Structures are given as C-alpha cells and as structure tokens.
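Examination of the molecular architecture
Here is what each chain is made of, one letter per residue.
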Amino acid sequence: MARVVAQVVAQVVARCDDPVRTVDFINAPRNAPGRFFVDPRLTACRTGAAMFDTKTRAIVVVGAQWGDEGKGKLVDVIAERADWVVRYQGGANAGHTVHIGDHSTVLHQVPSGILHPGVRCAIGNGVVLDPETLFEEVDALIKDGVDVSGRLYVSDRAHLVMPYHKLVDKESSASREIGTTGRGIGPCYEDKIARRGVRVLDLAHADRLRTLVERGVEHANHVLIGTGSLKRASVEHTLEALGRLAPRLLGISEDVGLAMHRALKNGAAVLFEGAQGSLLDIDHGTYPYVTSSNTTAGGAATGVGVSPRVLDECIGVVKAYTTRVGGGPLPTEYDEVMGERVRKLGNEYGATTGRPRRCGWFDAVVVRYAVRVNGLSALAVTKLDVLDTLEKIGLCTGYEIGGELVTEFPGDLAALENIRPHYEWFDGWQSSTADARTIEALPSQARKYLDRIEELVESPIRYVSVGTRRDQIIGL
Ligand code: GDP
Ligand code: IMO
Ligand code: MG
C-alpha cells in the first residue's frame, strides 16, 4: 500500500504543474435570460476532464432522480483526471454502463473508473459486497483486456452479501412489492444494522466466521419460514462458497478509509461514485419504495470513512426526463403510448435486471429536492438526445395536491396519490443533438429547456450528455 500511495503522490505532484483548467462558471454572474442563450464565455467550453483542479480534489457523483441517470458515463468521463474512484454504498443492485467505441461495459460493483488504466478503484465500507459476482465481473473485465491487478481494493469493513441474503430477497413478498433487484441488498443491510453481519475482515478468522454464518443462516431460515417458502439456507454451503472466495478477496482487502485519507492528504483526486438515486435513499427517498442505503451525498463520507469536510463538490446526474424501475410513485409518469415511445428512444431497460423502466417528464420538484438534500454544486443532464424527435416537451414545475400548489417534495407518499402535476410545455427542437460539442451547437429550443431546468432546480448545469459514447458530452 505504501508503494501505491507513493505512486499517487508522484502523479499528483506531476499534475500540480499543469495550468489550472477550471473556468469558474458556477460562481460567475448569470446573464438574463439564461446562460444557455447567448453567452460568449461559453465558447471556451471545457471537456468533462477538466473537473478536477488544484483546489477540487474530492468530487461526489450522485444520482438525483430514481437511479440509472447515467452516473457510469459521467464517472467514466470525470475519472480521466482522477487518481481514485471509490464506491460508497449499494452493491450489485447497481448497473452502471460505460460505452467506449462500440463496446459497452455494465459495472455492478467495480467502480466505473476501472476502464481508465491509470486510475485506482476502491469499494468502501458502506457497500454491501457480493464476492461471488464481484469476481465474475472482474474476470469479465480481464477477459476484455482490462488490467485490474493492483488497481482494485475492497474495504476490510465492507459487509458481505451471502447466498442466504439473495435467497431471502427473492422469496420475500415485501421485496416483490417494492420490485427489488433480488441481489440481497436489503437483507444484507438488515443484518448489518442488526449487528449480525459478516465483514470482509472476518474471512481471515475461521472460527469466528463459522459462528457468524451460523447466526446469519439461523436468522435467514427463520425469515424464510415466515414467508412460507420451502427453501432453506445452509451453513456448510455458505462456508464452502466463502472458503473458495476468501483468499482472492483477502488479497485485495484494505483499510480503504485510511488509504483515501492519505491519498487526499497528499493531494490525490478522488471521485466518490454514488449508486442508485436520491429518491431511492432510505431516509430521503420515496419510502418504503427505496433501496436500503443512503444514496445521497452524506453517504459518501460514512461509506468510505473520510470526513464530510474533505468533499469539495457534489455533482447530481439527471436525465433530461425521468425514469424509475420497480414500484412506488412516479408523479410525472407518461401514459402507456408515450411511455413506450420514450422507452424505445432511450433504450430504457434496466442494466441489472433487464426490466423495462417506467418513464415520465422531467420533474423539477424532485430534482430541486435532490439539489437541497445533497447540496449539489452542479448538475449533469444526460440523454438530451432522447428528446430530439419529440414535438412537445413537458417540464413539471409543481404538484396540485388537494387544491394547493406544492413545490417541495412531500415525505408522505399518500400525498402523491391524487396529485395533478403542473407542466410548462416547450416546443421540441426536432433535430439531432448527438454531434453537438458546445452549448451553441445545441438548438435554441433545447437551450431554452435547459435554462428553465437550471432556474427551477436552482443549480447550474455543468455537463450535457448527448449520446452514450465518452465523447458525446458538452462540458460547461
Ligand atoms: P447509471 O446506473 O446511472 O450508471 O445509468 P445506467 O447505465 O443504468 O443507464 C443509463 C443508460 O443511458 C446507459 O445505457 C447509458 O449508456 C445511456 N446513456 C448515458 N448517457 C446518455 C446520453 O446522453 N444519451 C443516450 N442516448 N444514452 C445515454
Ligand atoms: P443504479 O446504480 C435504478 C431500485 C429497485 C427497487 C428498489 C430497491 O444503476 O442507478 P434493491 O434491490 O436495491 O433493494 O431494490 O431500488 N434500484 C434501482 N433502480 N437503478 C439502480 O441502480 C437501482 N438499484 C436499486 O428497482 O425499486
Ligand atoms: Mg443503472
């Protein structure tokens, strides 16, 4: 590890000699009627790679809707200048897609920085780690020619997703109602909070491991009986699977909190990669239709083991419209015909489960809420190109609930049952945005739409993505 840190320091020292690349549009005064209309400053458009500078060393990327916003693509773009990319929550429920050339890679547990050869990746203590699928993913990367050796670490404190967690997740009717991914995420976090979890570091102690697994299996079987399932977890089967995977996992186990602390102290650029979306946060999302972790920015500090004070910026990723997979409210959901049309245009099928995603108009109430809860410093708007052919585009500005206009996202889902979303309507631009690389190259109607989003959600837009590929992005 000392060698790794020394290499990082050397890289950072070399990078500190670079000129500062950032033009600070975030704090720059805004021109009425909006930055995207006519702003000569924007001719100095930057690429995503210029995000880290000498002052900005720790950036958090979070989903600011219900997940699948395009975090994988953005992390891949920003990671070009990162030394480390670290995951801090969730687990194999995530599906982060990165397209390079014609090849597409879906990452579930490995951070999306792995496709940049010089970037190191870590999985923090806040992640629930499924060792079985982790190594399947790693082996697939190796097969694709990605050199992973010496570049991937897992926290010794991360909790392990056991075969019995996946079994309970799949057999539970509550999971079915929520529409979980079936990856054992909820049951594993339950065991963690109930203090009967198994951590990576336990793999090094055979007796302790057996005791913990016995306790976990006993609880899982108790739950399975409660669900009416005839399936049962087995201690021996679990220990056999862990025994097979332990040497490989212990070989990459590290005190990730300490490693990130040292890296940041030495000036390294660290990207904290969020999974899922803010509205799926266990505390701030549409409970109980949520995942079981803190997906919002606060989770980055606790999920890696660094101080919240080291986090310099938080970028929220949003689609130019809205999607969600699984149950729960989606206030701006399209009717069936429009839903099918946008699903086809945006290829909206889950990267983890293949399920069709539910689609709707951009909801500014939701994103403004995410801006507040995360303290977003900027937004990345993805999939603008998906709207290219639409005649009219709706933007939700508030909800009418019981005759009143509400613009703050409610905590009680019952309030969302009989609402009428208020929309502003925009003429579609009906031309391709896929080749735009500057904001001026976007049609004026598209800029108008982005301007209004910026205004309503109270956060500047820093990236606009117009296609799946790495180069299809506009940096502001
Ligand atoms: P994540 O979970 O937030 O990383 O997002 P997913 O990978 O699950 O889903 C986003 C999907 O949109 C992926 O298939 C991406 O390749 C794709 N995507 C990302 N940005 C864009 C974009 O700007 N335009 C289009 N058309 N697709 C995009
Ligand atoms: P990424 O990182 C979209 C959803 C599931 C379900 C709920 C709970 O790719 O954006 P879980 O398996 O976590 O207990 O399921 O959360 N969900 C996601 N939706 N993107 C994801 O990840 C998701 N991870 C979980 O569909 O509704
Ligand atoms: Mg996804």
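Residues numbered from 1 in each chain as written. Chains lettered and ligands numbered in written order. Predicted model: local features only at pLDDT ≥ 70, side-chain atom pairs only at ≥ 80, totals over all residues.

1. Considering the overall build of the protein
Counting its regular elements, the protein contains 13 helices and 20 strands. Burial analysis of the protein (476 residues in total) assigns 49% to the buried set. Taking the contacts inside the protein whose residues are at least 6 apart along the sequence as the reference set, 77% of them involve residues at least 24 apart. (Helix = DSSP H or I, 4+ residues; strand = E, 2+ residues; numbered from the N terminus. Buried ≥ 20, exposed ≤ 12 C-beta atoms within 10 Å, placed from the backbone. Contact = placed C-beta atoms within 7 Å.)

2. Description of unusual backbone geometry
A cis amide bond links Tyr 287 with the next residue in sequence, Pro 288, at an omega value of 5 degrees. Topologically, Pro 288 is positioned in the loop between β10 (270-273) and α10 (298-304). At Gln 276, a position not held by glycine, the phi torsion is positive, near 60 degrees. For Gln 276, the location among the structural elements is in the loop between β10 and α10. C-beta crowding within 10 Å serves as the criterion here: with 31 such atoms nearby, Gln 276 is assigned to the buried category. Residues other than glycine seldom take positive phi values, yet Asn 347 does so here, at roughly 50 degrees. Judged by the 11 C-beta atoms lying within 10 Å of it, Asn 347 falls in the exposed class.

3. What to know about the pairing of β10
Look at any regular strand and the pattern is simple: side chains alternate between the two faces of the sheet. Here β10 shows no split at all, with Val 270 and Phe 272 on one side and Leu 271 and Glu 273 on the other all buried. Two elements, strand β1 (residues 58-63) and β10, share four bridges in a ladder whose sense is parallel. If you follow Val 61 over to β10, its bridge partner there is Glu 273. Bridge count for strand β2 (residues 84-87) against β10 is four bridges, and the pairing is parallel. Across the sheet, Val 85 pairs through a bridge with Leu 271, a residue of β10. (Pairing = 2+ DSSP bridges.)

4. Side note on the site of ligand 2
Around ligand 2, a shell composed of 23 residues is seen, among which Gly 67, Ala 94, Thr 181, Thr 291 and Gly 326 lie nearest. Grouping the amino acids of the shell around ligand 2 by side-chain chemistry returns seven nonpolar, 14 polar and two charged. For the shell around ligand 2, the two domains that each supply at least three residues are domain 1 (2-34 + 41-157 + 255-475) and domain 2 (159-249). (Near = placed C-beta within 6 Å. Nonpolar A, V, L, I, M, F, W, Y, C, P; charged D, E, K, R; others polar. Domains from an automatic or database assignment.)

5. A short note on the site of ligand 1
Around ligand 1 lies a shell of 21 residues, among which Gly 70, Lys 71, Gly 72, Thr 97 and Ser 465 are the nearest. Elements with a minimum of two residues in the shell around ligand 1: α2 (71-78) and β3 (96-100). In terms of residue class, the shell around ligand 1 is made up of three nonpolar, 12 polar and six charged.

6. A few points about the packing of helix α4 (residues 163-171) against helix α7 (residues 206-227)
Between α4 and α7, the shortest axis-to-axis distance is 10 Å and the interhelical angle comes to 15 degrees. One element, α4, and the other, α7, form an angle in the roughly parallel class. Relative to α7, α4 is oriented so that their crossing is left-handed. Contacts between α4 and α7 involve Tyr 164, Leu 167, Val 168 and Glu 171 from the first element and Gly 216, Val 217, Ala 220, Val 223, Leu 224 and Thr 227 from the second. (Axes fitted to C-alpha atoms, helices over the stretch in contact; angles between N-to-C directions. Parallel < 35°, antiparallel > 145°, perpendicular 65-115°, else oblique. Left-handed = near helix turned anticlockwise from the far one by under 90°.)

7. Brief notes about the environment of Ile 282
With respect to the helices and strands, the residue Ile 282 is situated in the loop between β10 and α10. Given 19 C-beta atoms within 10 Å, Ile 282 falls into the partly exposed group. In sequence terms Ile 282 and Asn 294 are 12 residues apart; their C-alpha atoms lie 5.7 Å from each other.

8. Here's the deal with the pairing of strand β7 (residues 152-155)
Burial along β7 is two-sided: Leu 152 and Val 154 facing one way and Tyr 153 and Ser 155 facing the other are all buried. Bridge count between strand β5 (residues 120-123) and β7: three bridges; the pairing is parallel. Residue pairing across strands places Ala 122 opposite Tyr 153, the latter belonging to β7.

9. Thoughts on the sheet that holds strand β9 (residues 253-254)
Spatial ordering of the open sheet is given by β9-β7-β5-β2-β10-β1-β11-β15-β19-β20, a layout of 10 strands whose pairing is mixed. Only two strands of the sheet have a single neighbouring strand rather than two, namely β9 and β20 (473-475). Against the sheet, helix α9 (residues 256-265) contacts β1, β2, β5, β7, β9 and β10, and its axis sits at roughly 145 degrees relative to β2.

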